[in-house]
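Each chain, letter by letter, is given below.
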Amino acid sequence: MFYTLFFATLLFPLKGALIRQRANFTPKIQPIPELPLVDDVQHASRPRSLLSMLQQVNAEEGIDGLYKGILPTLGFMVFWEQMSIPSIVVIGYLQFGVYDQSTVLIIAIASLIKIIATVIEAVFVNRAVTTQEDIHSFSLRRALDALLSPTERRHPYRIFFIPGLLAACASWVLYIVCTIGARHFLFVKKFPEDFGKWEDMRPYIPLLVGAVIFSLALNALVLTPLEVMVVRLSIQAKATQVTLLLDTLPVEAVRLVRLRTDRDEYTGLISCARLIIQEEGWGALYRGWWWTAFRGILFI
């Protein structure tokens, strides 16, 4: 409970600003020169850092904007707390290298649950943070109207068919599972079962430091693009609704985050990566790399 309150109070505004920054569409070339005020919209929607995004959100939307989307986030935090025991069991199996048939089945089931829950969490949290519509905290139906498209409300399973989203979430989960297993074989097995004294630990310090540095670099390199694409893919089905098009909203409504509504949709994971690089450059794929790198040390 204390961790939940601490996260909600101190870390969520940072997470929300990071989601907005990753969702923000900043093309290198103006896509439609004929549209009036597009230059103003683009200039206003290009925060240069996470801190500038936080400042913009606070200035434009106040405390409500900083905590926009916190309720679905807390809901999923409670869910993951309930999932902590099976997760610890899986991590224990991976760490200690117990790979019999039943263990593989347990890991596969836990990974599948993680993938499904990650897709649902990405859709609700990312859309709650980036939507231009008001989300009514105490009206579930009105909140779902704001977060889901009409097709998704009629057929909720359609969120799993959002182009590329399931593949991105599955890649994210499988990377973490495989990395934990690899960490056991590459590093944990090299340590003695009981160090005893500090002198016993000293020879392994270079290995530990190298493992941490390698983990930072690998997580930043692999996970950051996946997390950026998860944000883009999870919001595009709702973002392309008529109510969010640039020519139907005043400039003030799109100042903080410009959604990619005036281009063809991403058709998959590879398409998303290719178009982000073409339209915005490599830097857009690595927004918030430091957050992903340091958080990934513990694979959380």
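Here, the structure is the one placed above.
Thresholds applied
Residues numbered from 1 in each chain as written. Predicted model: local features only at pLDDT ≥ 70, side-chain atom pairs only at ≥ 80, totals over all residues. Heavy atoms only, no water. Core = buried A, V, L, I, M, F, W, Y, C linked by side-chain atoms within 4.5 Å. Buried < 20%, exposed > 50% of the residue type's maximum accessible area, 1.4 Å probe, protein only. Helix = DSSP H or I, 4+ residues; strand = E, 2+ residues; numbered from the N terminus. Contact = heavy atoms within 4.5 Å. Salt bridge = Lys/Arg side-chain N within 4 Å of Asp/Glu carboxyl O.

### With respect to the nonpolar core
- With 46 residues, the main nonpolar core has Val123, Leu165, Met229, Leu233 and Ile276 as its most contacted residues.
- Those elements that place two or more of their residues in this core are helix H1 (2-23), helix H4 (70-82), helix H6 (101-130), helix H9 (165-186), helix H11 (205-239) and helix H12 (269-280).
- With 10 residues, H9 is the single largest residue contributor to this core.
- In terms of nonpolar packing, the next biggest core, distinct from the first, is built from 7 residues, Leu18, Leu50, Val57 and Leu66 among them.

### Examining the environment of isoleucine 276
- Here isoleucine 276 lies in helix H12.
- Residue class for isoleucine 276 comes out buried when judged on its relative accessible area of 0%.
- For the pair isoleucine 276 and threonine 26, spaced 250 residues apart in the sequence, the C-alpha separation amounts to 9.4 Å.
- Contacts of isoleucine 276, omitting those with residues within four sequence positions, involve Val228, Met229, Arg232, Tyr266, Gly281, Ala284 and Leu285.

### A few points about the pattern of salt bridges
- Applying the stated criterion across every chain, the model contains 6 salt bridges.
- Here arginine 153 and aspartate 145 are joined by a salt bridge, their closest N and O atoms 3.1 Å apart.
- Overall, aspartate 145 belongs to the partly exposed group, its relative accessible area being 33%.
- Glutamate 280 is the partner of arginine 232 in a salt bridge, and the nearest nitrogen-oxygen pair spans 2.8 Å. Of this pair, arginine 232 sits in helix H11 while glutamate 280 sits in helix H12, and the two are 48 residues apart along the sequence. Of the two residues, arginine 232 and glutamate 280, neither departs from the other in class, the shared state being buried.

So far we have only geometry, and geometry alone does not tell us how the molecule works.
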